[in-house]
Amino acid sequence: MSNTHADTVLYVRDTMLDQQEPPASTVGPVGWAKDNLFSGWLNTALTVLSSLFIAYLLYRLIPWFVSPTWDGTSLSNCREILDGHEGACWGVIRDRWQQLLFGFYPPELYWRPILTLVLLLVALAPVLYTDYVTPKLLYFSAAFPFLMPWLLWGGTVWMPLMAAAGFAIGFVVFTLVSRVLNAGISIFAAALVAVLWWVLLAAPVAHGIASVLPLALEPVASRDFGGFMLSITIGVTAIGCSLPIGIVLALGRRSDLPLVKILCVGFIEFIRGVPLITLLFVASVLLNIFLPPGTNFDIILRVMIMVTLFASAYMAEVIRGGLAALPKGQYEAADALGLDYWKAQRLIIMPQALKISIPGIVSTFIGVFKDTTLVSIIGLIDPLGLANGIRADTAWNGIYWELFIFIGAVFFIFCFSMSRYSMYLERKLQTGHR
Amino acid sequence: MKKSVFLGALTVAGLAAGVAGAATLDDVKARGTLNCGVSTGLTGFSYPDANGEWQGFDVGVCRAVAAAVLGDASAVEFVPTTGKTRFTALASGEIDMLARNTTWTFSRDVDLKFTFVGVNYYDGQGFMIPKELGVSSAKELDGATVCIQTGTTTELNLADYFRVNNISYEPVPIETNAEAQQQFLAGACDVYTTDASGLAATRATFENPGDYAVLPEIISKEPLGPLVRHGDDEWGDVVRWTLNALIAAEEYGVTSANVADLASAPTDNPEVNRLLGTEGELGAMLGLEADFAVDAIAAGGNYGELFEKNIGENTPIGLARGLNAQYTDGGLLYSPPFR
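Values in this document were obtained by computation on a predicted structure and should not be read as measured data. (Residues numbered from 1 in each chain as written. Chains lettered and ligands numbered in written order. Predicted model: local features only at pLDDT ≥ 70, side-chain atom pairs only at ≥ 80, totals over all residues. Heavy atoms only, no water.)

Let us look at the domain arrangement of chain A. Its domain assignment divides chain A into domain 1 (67–105 + 223–434) and domain 2 (155–217). Using only C-alpha atoms to locate each centre, domain 1 of chain A and domain 2 of chain A end up separated by 29 Å. (Domains from an automatic or database assignment.)

Below, the structure written as structure tokens:
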């Protein structure tokens with residue numbers, strides 16, 4: 001009776017079956033397509049229609065893009081090469097790409113803006129990729145704001161050094177005074193001394209040292225700046241300065257001190273209440289008139305200041321949104337730990353508020369970078385202004401798409417990188433419970 | 001309206017600032033370069049070439065003045081200006097002169113307080129049509145759709161012209177010249193109207209320029225010329241007589257090729273001698289070298305040479321001299337005597 005089971009059941013499997021691949025129609029590209037593209041008659045119809053549309057677009061566009069006109073010397077020459085066919089005239093890009101990138105910067109000095117861009121990336125690395133780059137590079141990041149103008153504009157190295165010295169002097173004054181008086185007064189005293197140094201002493205001292213030991217690069221006038229170099233210079237400065245200024249403004253707006261609060265609210269609302277182009281006109285026209293004749297207040301510097309102020313006001317509101325989104329408990333916890341205001345901001349509030357605001361902050365950055373094209377309206381030769389100038393050359397008059405596609409592509413590369421980086425940063429800082 | 005009042009106030013304020021630094025000639029000499037305002041880009045008149053050098057008909061005037069004052073046609077800082085920034089740039093002293101296809105009008109001369117030193121191009125508003133329209137005169141354009149840039153004087157001129165001739169039209173408002181070209185080629189309008197020089201430049205870019213024609217009617221006066229600030233007549237004289245020297249040089253047959261020869265020794269023609277400084281002291285009266293006109297002419301040639309090189313019939317733009325011919329050839333160019 002030991003085999004009763006065998007008597008009652010015809011077949012018993014005594015080994016496990018190997019796992020099998022899922023049916024080919026449910027995995028891989030085929031499965032994906034079935035699930036997403038052909039999951040019903042409506043979706044199938046839409047898929048077929050859109051594929052036809054895309055195919056039609058490519059059929060019309062690719063012959064235009066793939067056009068043997070790279071060596072064209074003028075629009076009419078391109079038309080001869082094309083011989084009646086439709087096609088782009090890429091000769092204009094070959095002829096003018098350096099101008100579109102560097103403006104009127106002397107060609108033999110192109111290495112300077114290029115080096116500046118490389119150094120910019122090096123300076124940004126420890127800030128952007130804290131996990132992979134040694135924090136020691138931060139010292140270089142701190143020096144970069146003084147290095148950049150020297151490399152781009154040239155002149156003696158002592159001027160940026162003396163500007164940097166102003167910060168050092170301010171810091172020394174702060175440490176000395178803060179031993180005797182409270183922090184607020186020490187900051188004020190330090191700022192005062194630093195400003196006095198910059199306004200009164202920095203230039204003569206720099207000239208004095210330069211006359212002994214020049215160490216100068218060949219100067220390049222602001223007027224020679226143009227193309228993407230101009231856009232990036234203005235954009236990077238505005239982006240770099242607007243974040244700290246924006247944080248200060250956002251904190252000021254939430255401050256309990258009425259004077260600070262009114263000043264910050266007034267500034268933010270005023271700047272947000274006027275279009276950027278108005279501020280640019282103020283920079284180019286009003287200042288020109290109200291400054292005494294002969295004052296050489298660089299137009300690019302004026303524009304940079306205006307764009308920075310504009311971006312700061314928007315940045316302040318973005319960060320204020322982040323501050324407002326933090327639960328009140330976080331503020332109270334910081335108080336309960338006995339942290340003072342600055343420590344609470346630095347250790348508890350800001351890291352969280354900034355993390356919340358990342359998408360908004362990066363949107364503002366991208367917006368500011370694209371807004372730099374507005375400077376063409378006040379006669380600075382940014383890529384769009386340059387496109388207009390290139391079209392005024394009889395050789396290239398009548399060319400639109402090629403130039404705008406090139407400019408658009410370069411802008412896209414910059415803006416898309418910023419947006420991808422912000423997504424990476426959000427993922428990295430993701431601590432929520434999902 | 002408010003805007004113009006505002007800009008007017010700015011300009012007045014600018015004048016006050018400008019007057020303080022009156023002796024422009026001394027400033028230019030001390031600086032060693034001429035700051036000349038040009039257009040950021042206008043076909044044939046001012047544009048940067050592939051090497052970043054500014055070229056064009058207006059640019060040629062700047063170079064001639066630089067050569068006359070400083071003896072060096074390359075001692076010019078070109079300041080690109082837009083239609084909105086040009087007058088404040090001049091009023092505030094950022095530029096010493098403006099050579100930017102600017103129409104000489106009463107209000108700009110009197111109200112904005114500028115001095116137009118002459119005319120280097122007589123322009124006027126014209127019409128371009130596709131030949132298949134079968135129209136030979138603007139008066140036959142009754143009921144036509146017209147592409148026109150909004151907010152410009154061309155819009156007002158057009159309305160005036162059609163009202164005076166009692167014909168109707170339908171405006172197609174567009175923003176920029178680039179847009180106008182696309183719309184016109186696409187057939188969105190029968191007629192495109194703007195300055196005749198602009199029409200010629202636009203037509204030159206078409207794939208089949210022969211299919212389009214510019215009508216003979218010119219419906220407005222647009223004398224374009226270099227200008228300086230009010231209140232510095234010495235400097236105004238320098239620019240005026242440099243321009244006149246270019247015009248007179250063409251009249252007397254002095255070109256960039258033969259100017260060195262003619263200036264090396266006095267010729268039989270006393271007017272040429274005075275122009276080139278081999279006789280008399282005209283240069284010194286201006287506060288310049290005696291041979292200032294020689295440098296100016298050598299810089300880019302006389303008026304006719306500048307015209308032919310940049311916008312004349314052998315260039316893609318292909319403008320005929322027309323009104324811009326010497327008075328001896330039935331044009332309007334007439335330099336006062338160098339005496």
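Turning our attention to the nonpolar core. Among the nonpolar cores identified, the biggest contains 152 residues, and Phe 225 of chain A together with Leu 34, Met 97 and Trp 235 of chain B are the most heavily contacted of them. With residues near it in sequence (within four places) discarded, Phe 225 of chain A still touches Tyr 105, Leu 152, Trp 153, Val 220, Leu 230 and Ile 300 of chain A. Core analysis: the next-biggest nonpolar cluster, separate from the first, contains 15 residues, Leu 141, Tyr 161, Phe 162 and Leu 215 of chain B among them. (Core = buried A, V, L, I, M, F, W, Y, C linked by side-chain atoms within 4.5 Å. Buried < 20%, exposed > 50% of the residue type's maximum accessible area, 1.4 Å probe, protein only. Contact = heavy atoms within 4.5 Å.)

Take the packing of helix H13 (residues 299–325) of chain A against helix H15 (residues 341–371) of chain A next. All names here are of chain A. Taken N-terminus to C-terminus, the directions of H13 and H15 make an angle of 150°; their axes are 8 Å apart at the nearest point. Taken together, the axes of H13 and H15 lie roughly antiparallel to each other. Like other packed secondary-structure pairs, H13 and H15 cross with a definite hand, here right-handed. For the pair formed by H13 and H15, the contact residues are Val 307, Phe 310, Ala 311, Tyr 314, Met 315, Val 318, Ile 319, Gly 322, Leu 323 and Ala 325 on the first element and Ile 349, Met 350, Ala 353, Leu 354, Ile 356, Ser 357, Gly 360, Ile 361, Thr 364, Phe 365, Val 368 and Asp 371 on the second. (Axes fitted to C-alpha atoms, helices over the stretch in contact; angles between N-to-C directions. Helix = DSSP H or I, 4+ residues; strand = E, 2+ residues; numbered from the N terminus. Parallel < 35°, antiparallel > 145°, perpendicular 65-115°, else oblique. Left-handed = near helix turned anticlockwise from the far one by under 90°.)

A few words now on the packing of helix H10 (residues 227–253) of chain A against helix H17 (residues 401–428) of chain A. Residues and elements named next belong to chain A. The interhelical angle for the contact between H10 and H17, taken along N-to-C directions, is 25°, at an axis separation of 12 Å. By the angle between their directions, the pair H10 and H17 is classed as roughly parallel. For the pair H10 and H17, the sense of crossing is right-handed. Contacts between H10 and H17 involve Phe 228, Ser 231, Ile 232 and Ile 239 from the former and Ile 407, Val 410, Phe 411, Phe 414 and Met 418 from the latter. Taken together, the residues of the contact of H10 with H17 break down into eight nonpolar, one polar and no charged. (Nonpolar A, V, L, I, M, F, W, Y, C, P; charged D, E, K, R; others polar.)

Residue and element names in this part refer to chain B. The complete set of buried residues in helix H7 (residues 177–185) reads Ala 180, Gln 181 and Phe 184. All buried residues of H7 project into a common sector of 100° when viewed along the axis, lining one side. The secondary structure elements touched by the buried residues of H7 are strand S8 (125–130), strand S10 (169–174), strand S11 (191–195), helix H8 (196–205) and strand S12 (212–214). Looking one or two residues beyond H7, the residue adopting positive phi is Gly 187, at roughly 80°. (Arc of directions from axis to C-beta.)

We now examine the packing of aromatic side chains. One pass over the structure, following the stated rule, counts 40 aromatic pairs over all chains. Pairing Phe 102 of chain A with Tyr 110 of chain A gives two aromatic rings, centres 4.1 Å apart and planes at 20°, and the pair type is stacked. The same class applies to Phe 102 of chain A and to Tyr 110 of chain A, which are both buried. With centroids separated by 6.4 Å and ring planes inclined at 80°, the aromatic side chains of Phe 57 of chain B and Tyr 121 of chain B adopt a geometry described as edge-to-face. A residue pair is termed long-range when its members are at least 10 positions apart, and Phe 57 of chain B in helix H3 (residues 57–70) and Tyr 121 of chain B in strand S7 (residues 121–123) qualify at 64 residues. By relative accessible area, Phe 57 of chain B is classed as buried at 1%. Through a chain of ring-to-ring contacts, three or more aromatic side chains come together here, namely Phe 45, Phe 57, Tyr 121, Tyr 303 and Phe 307 of chain B. Sitting over the ring of Phe 307 of chain B, Arg 321 of chain B keeps its end group 5.0 Å from the ring centre. (Phe/Tyr/Trp six-rings, centres within 6.5 Å; stacked < 30°, edge-to-face > 60°. Lys NZ or Arg CZ within 6 Å of the ring centre and 35° of its normal.)

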